[in-house]
Amino acid sequence: MSSDCCCSSKAKSLKKVFSPDSVAIIGASAEPGKIGYQVLNNILKNDFKGKVYPVNRKATEIMGVKCYPSMLEIPGDVDFAVIAVPAPLVEGVMRECAKKNIKGAVVITSGFSEIGKKKEEDVLKEIADQHGIALLGPNTFGFVYTPSNLNASFGPQNVAPGKIAFISQSGALGISLMGWTMMEKIGMASVVSLGNKADIGEKELIEYFNDDPNVSVILIYMEGIKNGREFMTTKLKKPVVILKSGSSSRGAQAAASHTGSLAGSDKIYTAAFNQLGMIRARTFTQAFGAASALSMPLPKGSDAVIITNGGGIGVSATDECENAGIKMVDDHEWLEAKFRSTMPDFGSTKNPIDVTGGGGREGYQKAVRVALAEDRIHAVIVLYCETAVLDPVDVAKAVIEEYNAVKRNKPLVVTMVGGERSRQAIQILNEHQIPAMTEVLEAVSGLKALYTWQEISSRPKEVAVAPEIPAKALEIIEAIRKEGRTFLLEHESRKVLEICGVPMPKWGFARTADEAVKVAEATKMYPIAMKIASVDIIHKSDVGGVILNVKNAEELKAKFAQMMETVKKNAPKANLLGVNLCQMVDGLQCIVGMNKDPQFGPAVMFGLGGIFVEVLKDVSFRIVPFSEGEAQRLVGEIKARKLLDGYRGQGAHKASIIKTLMAVQKIAAHVKEVDINPLITNKDGSYAVDARIII
Ligand code: ACO
């Protein structure tokens, strides 16, 4: 069976997990304290319309439903089974399920790979694969799928229906957030606890929900990925918001090169999410805010208005909009003409539209109506600070009325700050699928997520092809590997990178002073940077092995002799092979590198060099292979990107930076690390001024 075929059969099986005609609960119990009781109770109380078969060795009936002693005794077909028996019994139960030809199973039982029992877990996966069963877990609390009224979990009951599919790697957090969304009245299409991910993981679920019309947004809480390379093949059709915990830099500490020390798993995860087009959230309120906002219509342009009854909160929303890059309508004359009638004389139309504490329900309603009616306004942020003169629930109702009247024609988010009544108003808004939050930041970042998704979904479809290394470059690398060396000298690194397409300044390698002059004269290389070439010397400047700004042949000859003498004195045991010559170039110092992540494999890094890389670690990554569009986004992602656009006369040659990033990909599969530090860029081009390859 090809892997494609296997995937599509698992996707079919997943359909029977979420929308089965019949469910068996193996380990169903009449004892209320047991998980087998809770699962059965949730299924029955949630009004699931299919057949329900409790399986219990002793009982003949539980909660008024006929019980069967084993799976095999159930008459007719069973689509899906929940397994909640002790760990040593799970394999036998799975085999019975396979005999019964079930399509999906969720194994709630703990005691597998999470406590080192990987082999026992692998057996479950084997059975699932052999029989085309989609297996969720083990070690999960189950799942809820509201479109089929199925609550196959021991979590809370009565999850409100909605359009968000929430996938949680953490069981405890998943259950608690289920409770939280219920309190906030945020509707869910599904809540899935992934457990140990023996079979079904994030990729399979994303790809399943891609084609599920009941789901419009996918939200993932992730702790880690089992197979990064496979995760990178995930296809996205809908917005995915990701909340990822853990930013360990253990991997980074072990790495030898500059690039390696900057990697760290969190930066690589960020690269993976960006590359896949996933939207990252930092807190769970932000994540749910973004997911709720992503269920709204996409904005038809970039201009937002803020409607508020308080100046302070309006200013803070304006700040957040600026931070998020959301533009505000700022044609004051036009705003005055449109909004003046919505507020008392002392109100402000300057966006924030401040209807003031005296604006009342009518003021809010009118202002929201104008904002929704005007095509020039593309997104609306409604803010409310609780006062004794206006009930927040009234504001919520006014917003709902206006929004429904225009058939939800543009994105609208709400923040309400206050007490009990504001809370109630937020819940009412959420119940009506209007994203409402207690924090300005969350409302604005929700809106920002919508803009981000709009940009992601409008990107041209590009296929990233694993690039081939040119034969000549591979020959050089292999010859050095045969020699038993683990790194390439500078001139060797340069040669390899140049063949791959990395732009170089004029450069050469000379064993003698005469040779140096010949190379320099032939290429008109002056002014020149000279660097000693020796396998035995790592820190060249410490031993006098670097001389800059050599201006002519006479100086070059003298400096060559001087360098040889000084280095011999400072490092008497070093074998000196010659001197690297490189044309001096001016411009912005960047850094380009490549190293290998244990999860995701080769990743290419870009950032500004010098102080930016040392102090601010302002670098970003992409996982190989990546497209040219991705390389462009990588360059645009660093914090100091304005410097690249040109600042105080300086500027970057982006095309040649992108060429460098694409070229470095070519050797990624054949070496361990690459450092081009610095890559100097100016208006005319970019130049790899120093290069190092570790194999
Ligand atoms: N066929 C039919 N019925 C069976 C079988 C079988 N092969 N084997 C056992 N049963 C019955 C038992 O007789 C019992 O019924 P009873 O209450 O009428 O006697 C019922 O199934 C349950 O079996 P128990 O042996 O009582 O097991 P118990 O319920 O104590 O524990 C469980 C089973 C819940 C699966 C446990 O082993 C376990 O793994 N618990 C942890 C689950 C968990 O936390 N998962 C991760 C969630 S994520 C998070 O952290 C929130």
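Residues numbered from 1 in each chain as written. Predicted model: local features only at pLDDT ≥ 70, side-chain atom pairs only at ≥ 80, totals over all residues. Heavy atoms only, no water.

Comments concerning the overall build of the chain
Looking only at helices and strands, one finds 24 helices and 31 strands in the chain. Overall size of the chain, expressed as C-alpha extent along the three principal axes, is 100 × 75 × 35 Å. Each of the 695 residues in the chain was classed as buried or not, and the buried ones make up 55%. Considering only contacts within the chain whose residues lie at least 6 apart along the sequence, 70% involve residues at least 24 apart. (Helix = DSSP H or I, 4+ residues; strand = E, 2+ residues; numbered from the N terminus. Buried < 20%, exposed > 50% of the residue type's maximum accessible area, 1.4 Å probe, protein only. Contact = heavy atoms within 4.5 Å.)

Description of the nonpolar core
Of all hydrophobic cores here, the largest spans 82 residues; its most connected members are Phe339, Val380, Val399, Leu412, Val414, Met416 and Leu429. Among the elements that take part in this core, helix 16 (residues 440–457) stands out by supplying nine residues, more than any other. Viewed by domain, this core spans two of them, domain 1 (9–238) and domain 2 (296–457), each represented by three or more residues. When sequence neighbours within four positions are dropped, the list of residues in contact with leucine 412 reads Met296, Val368, Leu372, Val380, Val382, Val399, Tyr403, Ile434 and Pro435. Formed by 58 residues, the second largest nonpolar core is a distinct cluster that contains Ala134, Met222, Ile591 and Phe621. (Core = buried A, V, L, I, M, F, W, Y, C linked by side-chain atoms within 4.5 Å. Domains from an automatic or database assignment.)

Considering the state of the cysteines
All chains considered together, the criterion is met by zero disulfides. For the unlinked cysteine cysteine 67, the closest cysteine sulfur is that of cysteine 97, found at 15 Å. The class for cysteine 67 is buried, based on a relative accessible area of 4%. For cysteine 385, which is in no disulfide, the shortest distance to another cysteine sulfur is to cysteine 321 and amounts to 15 Å. (Disulfide = S-S within 2.5 Å.)

Examining the packing of helix 22 (residues 628–635) against helix 24 (residues 654–665)
Between two packed helices, the angle of one axis relative to the other and the distance separating the axes together describe the packing. Between helix 22 and helix 24, whose axes approach to 9 Å, the crossing angle comes to 120 degrees. Considering the angle they form, helix 22 stands oblique to helix 24. In terms of crossing hand, the pair formed by helix 22 and helix 24 is right-handed. Facing Glu628, Ala631, Gln632, Leu634 and Val635 of helix 22, the residues of helix 24 in contact are Lys654, Ile657, Ile658, Leu661 and Met662. Grouping the amino acids of the contact of helix 22 with helix 24 by side-chain chemistry returns seven nonpolar, one polar and two charged. (Axes fitted to C-alpha atoms, helices over the stretch in contact; angles between N-to-C directions. Parallel < 35°, antiparallel > 145°, perpendicular 65-115°, else oblique. Left-handed = near helix turned anticlockwise from the far one by under 90°. Nonpolar A, V, L, I, M, F, W, Y, C, P; charged D, E, K, R; others polar.)

Observations regarding helix 16
Across its 18 residues, helix 16 extends 26 Å between first and last C-alpha, which sits within 8% of the 26 Å expected from 1.5 Å per residue. Every buried residue belonging to helix 16 is among Val440, Glu442, Ala443, Val444, Ser445, Gly446, Leu447, Ala449, Leu450, Tyr451, Trp453 and Ile456, and all of these are buried. (Expected span 1.5 Å × (residues − 1).)

Thoughts on the site of the ligand
What surrounds the ligand is a group of 23 residues, the closest being Ser29, Lys34, Asn56, Ile108 and Ser110. At a separation of 2.6 Å, an oxygen atom of the ligand approaches a polar side-chain atom of serine 29. One of the backbone N or O atoms of isoleucine 108 is found 3.0 Å from a nitrogen atom in the ligand. The fraction of the free accessible surface of the ligand (1000 Å²) that becomes covered by protein chains is 73%. Broken down by secondary-structure element, the contributors of at least two residues to the shell around the ligand are helix 3 (87–99) and helix 5 (171–184). In terms of residue class, the shell around the ligand is built from twelve nonpolar, eight polar and three charged. (Near = heavy atom within 4 Å. Polar contact = N/O pair within 3.5 Å; in protein donor to acceptor, adjacent residues only side chain to side chain. Areas by Shrake-Rupley, 256 points an atom, 1.4 Å probe, with all protein chains shown as cover.)

Describing the pairing of strand 11 (residues 188–193)
The buried fraction of strand 11 amounts to six of the six residues, a majority that puts the element mostly inside the structure. Where strand 8 (residues 142–145) and strand 11 come together, three bridges link them in antiparallel fashion. In the sheet register, valine 144 faces strand 11, and the bridge partner there is valine 191. Of the strand pairs in this sheet, strand 10 (residues 161–168) and strand 11 are connected by six bridges, and their pairing is parallel. Within strand 11, the position partnered with serine 168 by the bridge is serine 193. (Pairing = 2+ DSSP bridges.)

Concerning the side chain of threonine 356
Positionally, threonine 356 belongs in the loop between strand 17 (353–354) and helix 13 (360–373). When its relative accessible area of 11% is taken as the criterion, threonine 356 is described as buried.

Quick word on a nonpolar patch on the surface
Where nonpolar side chains cluster on the molecular surface, the patch consists of Ile611, Val615 and Leu616 and spans about 310 Å² of accessible area. Note that isoleucine 611 resides in helix 21 (residues 611–614). Here isoleucine 611 falls in the exposed class, since its relative accessible area comes to 57%. (Patch = residues over 30% accessible without salt bridge, like charges linked within 9 Å, V, L, I, M, F, W, Y side chains within 5 Å. Salt bridge = Lys/Arg side-chain N within 4 Å of Asp/Glu carboxyl O.)

What about the environment of proline 470?
Structurally, proline 470 can be placed in the loop between helix 16 and helix 17 (471–483). A relative accessible area of 23% means that proline 470 is categorised as partly exposed. Along the chain, proline 470 and leucine 236 lie 234 residues apart, while their C-alpha atoms are 33 Å from each other. Proline 470 has contacts with Ile499, Cys500 and Lys666, leaving out every residue within four places of it along the chain.

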